[in-house]
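Inside the fold
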Amino acid sequence: MRRIIVLALLFGAMRLIEPLGRAGGAPDALLTFGFLILVAYAAGELSERFRQPKLVGYLVAGVLAGPTVLASVTAEAAAQLEPVSDLAIALIAFLAGAELDLEEVKRRGLTLLRLTVVELGIATLALFGAAMAMRQWIPFLADADMQRAILFAGLFALIAVMHSPAIVMAILTETRASGPAARATLAVVLLSEVVVVLAFSLLLGVVQQLLPGAAEPSGGVALIIWEIAGSVPIGIALGVGVALALRVVHEDRVIFALLAALLGQQVAHLLHVEVLITLLVAGFVAVNVARGDDGPELRHAMERSATPVFVVFFALAGVAIDVPAAWQLAPVVVPLVLIRIVALAIGVRLGSGGLELGAVQRRALWQGLVAQAGVAIGLVAIVAEAYPEAGASMRALALAIIAVNGTVGPILFRRGLEAADEKDKGGREAAPSTAASDGPTGRGCGTPPW
Amino acid sequence: MLLVLLVVVGYLAARFAVDWLARHALVVSGAEYLVLGLLLGPRGTGLLGAEALEGLKPFFTLAIGWMGAAVGFRFWLPVLTRTPGVLYRLAFTESLLTAVLVGGGAWVLLVDGGGLSAFEATLPAAILAAVAVASSLQGARIAAKSLGRRNLAVRQLEVAAAIDALVAVSIVSAVLALFHAPVNLIPREPTPTEWVVIALAVGLVGGWLFHLFLGDERSPDRLFIAVAGAVVLTTGAANYVGMSALLPGFLLGFILVNTTRQREVVGEMLDKVDRPLYFLMLVCAGALWAPAATDVFVPVLAFLALRFVGKVGGAWIGARVNGVVSAFGNRWGFALLGQGGLAIAIALDYSLSPTAQLPNLVFTAALCSVLLTDLFSARLARDVVASLPEDVQLPSSVAPSEGQGG
């Protein structure tokens, strides 16, 4: 209660200094960002008190502070903060890649790939079918002829099926979870990024041939394929570079990781490759190629600094959620979300053979796949470039689905990990108030986040 | 890809060179980050272009506010009240003499040779004075290593560095209030005094509310997020009203250190983040730097010379005036020549100001000074400390009487 009163006073103080800003200038991004961090922090604590993931609190705080509710973070300030959000997602991708173990990938790679393809295939088909069945209520399908409707429903299904590596990483970090379900979930969400974006690029190529749009996506479909295919060698080169650099960089590894993520992000932009995949690959290569303990040490340094990155990322993700638009689309969104959840559960059940997972672990796995975050928005933007009208309404629907899945997914995954008894098994003590030592596979926030 | 390789090789080479210098010549530097910034920046490979730098602006603005909070955190009242008054007098004498000498000298040079009016020259001259006054804790740390933390010489160097920071932050805040850009959103433009009061209010109100917000929080990771939020908010508020984030940050740090029950944890946290932010500032400074201009060569050399005279001479005069030459010697000012993040923060802060005059000159002077003094400040501080007796005692004429602390 005390914190809420202080936040209200801070909000009042912000309003008080508003006339003192530069003429015509938007509210300063840092000012609103600082307020957002404090609100997200308080909301995260409140969320934890109700035994829910903190990141749900961060998201809700972002939604409340965002332009469509209280507007303490305006649309201009949110746009100014995009680089912060981009850097946070680059760091999360780098960390997510670093969590993958080469030996495990070698041992179970094919099984995990099969599971990924099966669950994605079933969920995509289910979403496609649902979209077609409800086409009269979906604006970009309502007036389309059958061919156009099928193609757009296909693109939409691929976008709506995507998972969220960022949310999975955040929950694993927060719960200090480790075990077969946690590892399999992380691997599947990372693999699914590549699979979905490749499938999307191929389908968009077909759509472009059959339905010439208002404009070719910048550089054409070949560029979209390059964005994915090119990410791998560039990520490998970056990862090898980081691994080599670790031989001489023994201190300040957090700032080194930050610089590596920043450099990777810039290189990816310059070479027109997918930032997320580039950094996922870079993180994976860097940690697995580095000499001796350099890799694990880099990973632990990043894990210790992860909590503030998650606060920032999810609070800003919440800011981007348009509540009125999501509410308007509720009659379509709710069935789509439910169908996706059921399809994911069936997909995991059918595809997880060979992974030796029990029923509870399988449940945790599909629950980990429910969450969605911002990557899908990038794909909608590509559709919007070629088909502006359809793209705009597809974006609104995708954002509404992401908003629901982004809130429900973390809650489900946390419960799944608890049920699978993988929570707090990350190799370190759950130490809320004092720094704990890093375990070999530990991830979490028992240690100070610097 | 060639560009990326160039950047990586350049950074690693600089890092290797700096590591070697640190091991063999007692040089502690962040020069490799400056080189990295130069390589990444628009004048290097362009990987960190103007747009990316604009995107990074919130980060280095935050670094400035964080630096202020770290400086404010040094002012813990229970220790301040136990420190003999003569140490403050000595520190203020050195600090103010340096400010007057460098500020006055720079003002004369800028009016005579820089083509600025007397009023216009006041702004860059005062900022150069603030940059010159700032000194790092390097000397105190080296002294502490050799003499132990309770030694009076160590305390003097700590006090001097803290007072230098206080004077530098005060000068920057005052002069930026004096030259504040017009606002136009309210009927009457605030006066410079009012701007200073507004900056003070941002820091004090922010610090007080944050103290209430934090309550009895003990968990380090939660403390980190909360402290980071408070520093970002305070920095953002200062930036929004067009004032330097250093003063509000300073006040926030001051309130924090004197109110939180987790003083050591928060202090360690501020210190640990301070270092990466310093390096980040160096990267950004390197990227923003345009060192080729030959017209800044003479003024920068003059600045370096004036600063040297101000620090060493000011410290000598201070010791003589206060009658403590026998305790600290004539050369103790050499231990204050080192500069750290605060000087870079002031220069960056100034270069972001819409009313800045000759920002490149100020920026170049600060960077050259930081890099140059990094080369030999540790060695100088060690020599000064080595020349002092193991148990430094104040002369009886200035020593505090019993019960007055010390």
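Residues numbered from 1 in each chain as written. Chains lettered and ligands numbered in written order. Predicted model: local features only at pLDDT ≥ 70, side-chain atom pairs only at ≥ 80, totals over all residues. Heavy atoms only, no water.

1. Focus on the overall build of chain A
- Tallying secondary structure elements over chain A gives 21 helices and zero strands in all.
- Out of the 450 residues in chain A, the part that is buried amounts to 60%.
- Taking all contacts inside chain A whose residues are at least 6 apart in sequence as the whole, residues at least 24 apart take part in 80%. (Helix = DSSP H or I, 4+ residues; strand = E, 2+ residues; numbered from the N terminus. Buried < 20%, exposed > 50% of the residue type's maximum accessible area, 1.4 Å probe, protein only. Contact = heavy atoms within 4.5 Å.)

2. Considering the nonpolar core
- Residues Phe152, Phe314 and Leu397 of chain A together with Met281, Trp332 and Leu342 of chain B are the most contacted members of the largest nonpolar core, which totals 305 residues.
- Counting residues per element, this core draws most heavily on helix 8 (residues 152-178) of chain B, at 15 residues.
- Setting aside residues no more than four positions away along its own chain, Trp332 of chain B makes contact with Leu90, Glu94, Gln156, Leu157, Ala160, Ala315, Ala319 and Val384 of chain B. (Core = buried A, V, L, I, M, F, W, Y, C linked by side-chain atoms within 4.5 Å.)

3. Some points on the side chain of Asp294 of chain A
Residue and element names in this part refer to chain A.
- Checked against the element boundaries, Asp294 lands in helix 15 (residues 294-304).
- Overall, Asp294 belongs to the buried group, its relative accessible area being 11%.
- Once you skip the residues sitting within four places of it in the chain, Asp294 turns out to touch Leu246, Arg247 and Arg253.

4. Considering the pattern of salt bridges
- Inspection of every chain in the model, using the stated rule, returns eight salt bridges over all chains.
- A salt bridge links Glu174 of chain A to Arg414 of chain A; its shortest N-O distance comes to 3.4 Å. Residue Glu174 of chain A is found in helix 9 (residues 165-175), and its partner Arg414 of chain A is found in helix 21 (residues 388-419); the two are separated by 240 residues along the sequence.
- For Glu174 of chain A, a relative accessible area of 15% puts it in the buried group.
- In this structure, Glu94 of chain B and Lys311 of chain B form a salt bridge, with 2.9 Å as the shortest nitrogen-oxygen distance. Taken as a pair, Glu94 of chain B in helix 5 (residues 85-113) and Lys311 of chain B in helix 13 (residues 297-321) lie far apart in primary sequence, 217 residues in all.
- Residues joined in a network through salt bridges with shared partners are Arg51, Glu174, Arg414 and Glu418 of chain A. (Salt bridge = Lys/Arg side-chain N within 4 Å of Asp/Glu carboxyl O.)

5. A few points about the packing of helix 9 of chain A against helix 16 (residues 306-319) of chain A
All names here are of chain A.
- Orientation of helix 9 relative to helix 16, taken along the N-to-C sense of each, is 140°, at an axis distance of 11 Å. As judged from the angle between their axes, helix 9 and helix 16 are oblique. Where helix 9 crosses over helix 16, the two elements pack in a sense that is left-handed. Along its contact with helix 9, which presents Ala166, Ile167, Met169, Ala170 and Thr173, the element helix 16 presents Ala306, Phe310, Phe313 and Phe314.
- By residue class, the composition of the contact of helix 9 with helix 16 is eight nonpolar, one polar and no charged. (Axes fitted to C-alpha atoms, helices over the stretch in contact; angles between N-to-C directions. Parallel < 35°, antiparallel > 145°, perpendicular 65-115°, else oblique. Left-handed = near helix turned anticlockwise from the far one by under 90°. Nonpolar A, V, L, I, M, F, W, Y, C, P; charged D, E, K, R; others polar.)

6. Brief notes about helix 6 (residues 102-133) of chain A
- The end-to-end C-alpha distance of helix 6 of chain A, which contains 32 residues, comes to 43 Å, matching closely the 46 Å that a straight helix rising 1.5 Å per residue would cover.
- When the local axis directions of helix 6 of chain A are compared, the greatest deviation, roughly 70°, occurs at Arg108 of chain A. (Expected span 1.5 Å × (residues − 1). Bend = angle between axes of the 7 residues up to and from the residue.)

7. A few points about empty space enclosed by the protein
Residue and element names in this part refer to chain B.
- All told, the structure shown has seven cavities of 30 Å³ or more when counted by the stated rule.
- What the second largest cavity holds in volume is close to 60 Å³.
- Ala106, Leu109, Leu110, Leu128, Pro299, Ala302, Phe303, Leu306 and Leu361 together form the lining of the second largest cavity.
- Among the elements of the structure, helix 5 and helix 13 are those that each provide at least two residues to the lining of the second largest cavity.
- Per element, the largest residue contribution to the lining of the second largest cavity is four residues, and it comes from helix 13.
- Among the residues making up the lining of the second largest cavity, the classes are represented as nine nonpolar, no polar and no charged. (1 Å grid on protein atoms, 1.4 Å probe; cavity = no way out; pocket = protein on both sides within 12 Å on 5 of 7 lines; lining within 4 Å. Points joined across faces, edges and corners; volume = space filled by probe spheres on them.)

8. Looking at a nonpolar patch on the surface
Residue and element names in this part refer to chain A.
- Residues Val60, Leu64, Val69, Leu70 and Val323 make up a contiguous nonpolar surface patch of about 380 Å² in total accessible area.
- Looking at the secondary structure, you find Val69 in the loop between helix 3 (54-65) and helix 4 (75-80).
- In this structure Val69 comes out as partly exposed when scored by relative accessible area, which is 40%. (Patch = residues over 30% accessible without salt bridge, like charges linked within 9 Å, V, L, I, M, F, W, Y side chains within 5 Å. Areas by Shrake-Rupley, 256 points an atom, 1.4 Å probe, with all protein chains shown as cover.)

9. Digging into the packing of helix 13 of chain B against helix 16 (residues 359-387) of chain B
Residue and element names in this part refer to chain B.
- Direction vectors running N to C along helix 13 and helix 16 enclose 50°, while the axes themselves pass 9 Å from each other. Here helix 13 is positioned oblique relative to helix 16, judged by the angle of their axes. In this structure, the crossing between helix 13 and helix 16 has a hand that is right-handed. Here Pro299, Val300, Phe303, Leu304 and Arg307 of helix 13 lie close against helix 16, whose contacting residues are Leu361, Thr364, Ala365, Cys368, Ser369, Leu372 and Thr373.
- Split by residue class, the contact of helix 13 with helix 16 holds eight nonpolar, three polar and one charged.

10. Notes on the environment of Leu214 of chain B
- Here Leu214 of chain B shows up in helix 9 (residues 192-214).
- A sequence separation of 112 residues divides Leu214 of chain B from Val102 of chain B, and the C-alpha atoms of the two residues are 41 Å apart.

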